[in-house]
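Each chain, letter by letter, is given below.
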Amino acid sequence: MSPVTASSNARRISRGFAGAFLLAAIWELSVRGFNLPAYVLPSVSSILAGMFADAGKLAAAARFTAAEALTGYLLGCVIGIAVAVAVSMVPRTRSSVMSVATAINSVPVVAYSPLVLLWFGIGMTSKIVMVAVAVSFTVFLSTVAGLDRVDRKSIDLVRSFGAGRMAVLWRLRLPTALPLIIAGMRVSTVRSVIVAIVTEMLGAYGGLGWVIYQAVLQIDFVQVWAAIIVASAISLCFFGVISFIEQRYIFWR
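The structure contained in this document is the topic of the report that follows. Here the structure is a predicted model, which means the values were calculated and not measured.

Here we take up the packing of aromatic side chains. What the rule picks out here adds up to two aromatic pairs. Pairing Trp-27 with Trp-225 gives two aromatic rings, centres 5.2 Å apart and planes at 75°, and the pair type is edge-to-face. Of this pair, Trp-27 sits in helix 1 (residues 3-34) while Trp-225 sits in helix 10 (residues 221-249), and the two are 198 residues apart along the sequence.

With that out of the way, let us pick up unusual backbone geometry. The phi dihedral of Asn-35 is positive, around 55°, even though this residue is not glycine. Note on placement: Asn-35 falls in the loop between helix 1 and helix 2 (44-53). A residue is classified by how much of its surface remains accessible, and Asn-35, at 65% relative accessible area, is exposed. Positioned with a positive phi, Ile-219 is a non-glycine residue whose angle comes to about 55°. Looking at where Ile-219 falls in the secondary structure, it is placed in the loop between helix 9 (208-217) and helix 10. Using a relative accessible area of 61% as the deciding quantity, one classes Ile-219 as exposed.

The next point concerns the nonpolar core. One finds Leu-58, Tyr-73, Met-185 and Leu-208 to be the most contacted residues of the largest nonpolar core, which totals 43 residues. Within the residue set of this core, elements represented by two or more residues are helix 1, helix 2, helix 3 (55-89), helix 6 (124-147), helix 8 (165-202), helix 9 and helix 10. When residues in this core are grouped by element, the largest group, ten residues, is from helix 8. Dropping the residues within four chain positions of it, Met-185 is found in contact with Tyr-73, Cys-77, Val-139 and Ile-242. Ala-84, Val-87, Phe-137 and Phe-140 belong to the second-largest nonpolar core, a separate cluster that totals six residues.

What counts, and at which threshold
- Residues numbered from 1 in each chain as written.
- Predicted model: local features only at pLDDT ≥ 70, side-chain atom pairs only at ≥ 80, totals over all residues.
- Heavy atoms only, no water.
- Phe/Tyr/Trp six-rings, centres within 6.5 Å; stacked < 30°, edge-to-face > 60°.
- Helix = DSSP H or I, 4+ residues; strand = E, 2+ residues; numbered from the N terminus.
- Buried < 20%, exposed > 50% of the residue type's maximum accessible area, 1.4 Å probe, protein only.
- Core = buried A, V, L, I, M, F, W, Y, C linked by side-chain atoms within 4.5 Å.
- Contact = heavy atoms within 4.5 Å.

Below you can see the structure in the form of structure tokens.
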């Protein structure tokens, strides 16, 4: 990474922290100034105090949710990329595969949660499956779009030197598609955490979604917001890791 890029990233991160601090200050002052009850909006200080008091519980739930989201995310990326490559290699299957994928994803992925919970139980497996389904479609579409970006003349040129279909894929199509592939993967990071949490709220042994559901039943709105903030932190870290990989390794974008 060049010094200019590192300096730009440092400024972006500092602006992000400054924006978060400003938002927290406005939030705290608004709650105190308007004397809002906790069920409407708890103060930032009370949320932080609740996070500190329940640090062990929230940390365990965060690890549970992060493991589900990460495993499902990786599985979904592999499935999405593999299916897109297969469609690219066998163009005749494109219309049928796209039709099935679009039909499956025309329904909000959360609507499949009851069925997935019934098939795979309320353990981690059902959440991993749900995340994989949600991520695979996004990555599949971005990969197909990336593979289609290759200029036909470039393919003909490479083939004129004796390159076969796999060589064209490995040396030309995938490098060209990588910027769009990583973009789809970056977008899917937040989606993976959201789907994991929502599925946990419908049935789970642990995780941030389970904590939120239990807190709502107990009318503990401070803990609800504490779990939401922890989930947001996981999503931001996840998003940041993929963005770093994109900037560090996709240097030809």
